[in-house]
Amino acid sequence: MLSTPELNTAAEAISRARLVAVSSGAGISKESGIPTFREAQTGLWARYDPEQLATPSAFSRNPDLVWAWYMFRRDLVAQSQPNPGHHALVEMEARVSKLVVLTQNVDGLHRIAGSTDVVELHGNLRRFKCSGDCRGSPTIIDLDTIEHDQEHAPACPHCGALIRPDVVWYGEMLPPGALERAFDIAKQCDVMLVVGTSGVVQPAASLPVEARHAGATVIEVNPMPSQIAPVVDIFLQGPAGQVLPLLIDALQAFRNRSLGA
Ligand code: BV8
């Protein structure tokens, strides 16, 4: 389990960093009540595999099924709040020179918590767009301005194509600007804090590898080791909502010791 020496070593590395990159996955939103991607889905969606639903082919084959899934998740996210893990990252941002969050999450909770520099690698399920990008990429559609229900994918008011969530599906390219900036940050950061990701989905899973190869210290926060374990320098085992606040305490203690020295 988590030990004080590891927390102190991690806090020292973060304190000394010019640039801290945080790479977050579904695990940081677990304590906000949002199930992680690989947990068995609940209820109505239990029989579906998210990786089969979050694809262009699923949407073209059965748009209403995929639409209903996103409406379900959108409602779940709308009822969720940032948890102590998200808030600890906002606190950390105030205590270090520069901190950028590179998130795989589509729930928008980092920004809602107050993180000011967030790169959304896989989009945001609170935003919707014309599936034909009829007025440029992306053609965002404000759902509040059109008639729609929970069961049927509505039509774009401009061109009639179906409306979809503004997220990156499997087999789709990540937003070019976001991907490029994420890898730049990974190459330049002194510390990469990886929080709540299984390290399975590419190309996001390569960010910690890139950071380590460029000389960064890689710190992982997760109740269990992930697929990025081979590049992790400091493993802080536990849930983000508990570990990240402890890391803030360790940062403060390190700062006090340095000032007291
Ligand atoms: C692309 C948006 C180029 C949608 C998502 C090699 C082999 C096979 C396939 C591929 C390959 N390389 C690339 C691919 C294709 C694919 C891929 O990576 N597949 C995987 C399955 C192997 N990648 C893509 O398609 C990407 N695009 O590569 O473009 C291209 C283009 C055309 C053709 C080929 C290539 C696009 C990927 C984006 C997919 N969209 N989300 C939506 O949400 O509906 S991915 C989605 O799943 C999430 O966004 C997130 O990224 C991912 C889930 O991962 P995690 O966040 O890590 O969550 P997970 O549940 O897995 O793990 C949770 C972790 O939290 C666990 O470790 C757990 O222990 C921990 N945890 C639990 N509780 C807590 C906790 N941690 C802290 N605190 C807690 N309390």
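Keep in mind that what you see is a predicted model, and the values were worked out from it rather than measured.

## Some thoughts on the site of the ligand
So, point 1. Near the ligand lie 35 residues; those nearest to it are R38, Y70, Q104, G171 and S198.
So, point 2. In this structure, R73 approaches the ligand through a side-chain N or O atom, which is 2.7 Å from an oxygen atom.
So, point 3. Interatomic distance of 3.2 Å between a side-chain N/O atom of Y170 and an oxygen atom of the ligand.
So, point 4. A total of 1500 Å² of accessible area belongs to the ligand in isolation, and the protein chains cover 76% of it.
So, point 5. Mapped by element, the contributors of at least two residues to the shell around the ligand are α2 (27-30) and α5 (63-78).
So, point 6. Each residue belonging to the shell around the ligand can be placed in one class, and the counts come to 18 nonpolar, 11 polar and 6 charged.
So, point 7. Taken domain by domain, the shell around the ligand gets at least three of its residues from each of domain 1 (4-33 + 82-122 + 174-258) and domain 2 (43-79 + 128-167).

## Remarks on the sheet that holds strand β7 (residues 191-195)
Backbone hydrogen bonds are what pair the strands of a sheet, in a parallel or an antiparallel way.
So, point 1. Pairing in this open sheet of 6 strands is parallel, and the strands run β3-β2-β1-β7-β8-β9 from one edge to the other. At either margin of the open sheet sits one strand with a lone partner, and together these are β3 (118-120) and β9 (234-237). This sheet shows a mean twist of 15° between the axes of neighbouring strands, independent of strand direction.
So, point 2. Both strand β1 (residues 20-24) and strand β2 (residues 99-103) contribute to a ladder of 5 bridges, which runs parallel. Note on β2: the bridge partner recorded for A21 is V100.
So, point 3. Of the strands in this sheet, β1, β7, β8 (217-222) and β9 touch helix α1 (residues 4-16), which is tilted by about 125° from β9.
So, point 4. Sheet strands touched by helix α8 (residues 176-188): β1, β2, β3 and β7. Its angle to β2, the strand with the most contacts, is close to 130°.

## A short note on the domain arrangement of the protein
So, point 1. Per the domain assignment, the segments making up the protein are domain 1 (4-33 + 82-122 + 174-258) and domain 2 (43-79 + 128-167).
So, point 2. For domain 1 versus domain 2, the separation of C-alpha centres amounts to 30 Å.
So, point 3. Listed by partner, the interface residues are 4 residues for domain 1 and 5 residues for domain 2.
So, point 4. With both chains or domains summed, domain 1 and domain 2 bury close to 320 Å², and 64% of this area falls on carbon and sulfur atoms.
So, point 5. When the area that domain 1 buries against domain 2 is broken down by residue, the three leading residues are V106, D107 and H122, summing to 69%.
So, point 6. At the boundary of domain 1 with domain 2, the tally comes to 0 residue pairs in polar contact (both at pLDDT 80 or more).
So, point 7. Split by residue class, the side of domain 1 that touches domain 2 holds 1 nonpolar, 2 polar and 1 charged.

## Observations regarding the packing of aromatic side chains
So, point 1. Counted by the stated rule, this structure contains 4 aromatic pairs.
So, point 2. Ring geometry for F59 and W169: centres 5.3 Å apart, planes at 45°, overall tilted. Remark: W169 occurs in the loop between β6 (163-167) and α8 and F59 occurs in helix α4 (residues 56-61); sequence separation between them is 110 residues. W169 carries the same exposure label as F59, and that label is buried.
So, point 3. Measuring from ring centre to ring centre gives 6.2 Å for Y70 and W169, while their planes differ by 50°; the resulting arrangement is tilted. With a gap of 99 residues between them, Y70 in helix α5 and W169 in the loop between β6 and α8 connect regions that are remote in the sequence.
So, point 4. An aromatic cluster of three or more residues is present, and its members are F59, W69, Y70 and W169.
So, point 5. The cationic tip of R73 hangs over the ring face of W69; the distance from NZ or CZ to the ring centre is 4.5 Å.
So, point 6. Stacked on the ring of W169, the Lys or Arg R164 has its end atom at 3.7 Å from the ring centre.

Rules and cut-offs
- Numbers given for residues are sequential positions, taken from 1 along each chain in its written order.
- Local features in a predicted model are, by the rule used here, given only for residues with pLDDT of at least 70; side-chain atom pairs are given and counted only at 80 or more, and totals for whole chains, interfaces and linings are based on all residues.
- Based on all heavy atoms of the structure, the side-chain values leave hydrogens and waters out of the count.
- Note on definitions. A residue lies near a molecule or strand when any single heavy atom of the residue is within 4 Å of it.
- Any pair of nitrogen or oxygen atoms within 3.5 Å is treated as a polar contact; in protein, a donor-acceptor pairing is required on top of that, and neighbouring residues in sequence qualify only through side-chain atoms on both sides.
- Values of accessible area rely on a 1.4 Å probe in the Shrake-Rupley scheme; residue burial ignores everything except the protein chains shown.
- Elements are defined by DSSP. Helices are runs of H or I of four residues or more, strands are runs of E of two residues or more, and each kind is numbered from the N terminus.
- Each residue is assigned to one of three groups, with Ala, Val, Leu, Ile, Met, Phe, Trp, Tyr, Cys and Pro labelled nonpolar, Asp, Glu, Lys and Arg labelled charged, and all others, Gly among them, labelled polar.
- Domain ranges listed in this record stem from an automatic or a database domain assignment.
- A strand pair is defined by DSSP finding two or more bridges across the two strands.
- Axes here mean lines fitted to C-alpha atoms, for a helix over just the part in contact, with angles spanning 0 to 180 degrees between N-to-C directions.
- Any two residues having at least one pair of non-hydrogen atoms within 4.5 Å are treated as being in contact.
- By definition, the buried area sums, over both parts, the 1.4 Å-probe accessible area that each loses when the two are put together.
- Any two of the Phe, Tyr and Trp rings considered here, Trp counted by its six-membered ring, make a pair once their centres fall within 6.5 Å; the pair's planes then place it as stacked at under 30 degrees, edge-to-face at over 60, or tilted in between.
- A simple rule labels every residue: compare its accessible area, found with a 1.4 Å probe on the protein chains alone, to the largest value its type can have, and call it buried under 20%, exposed over 50%, or partly exposed in between.
- Here, a charge over a ring means that NZ of Lys or CZ of Arg falls within 6 Å of the ring centre while also lying within 35 degrees of the ring normal.

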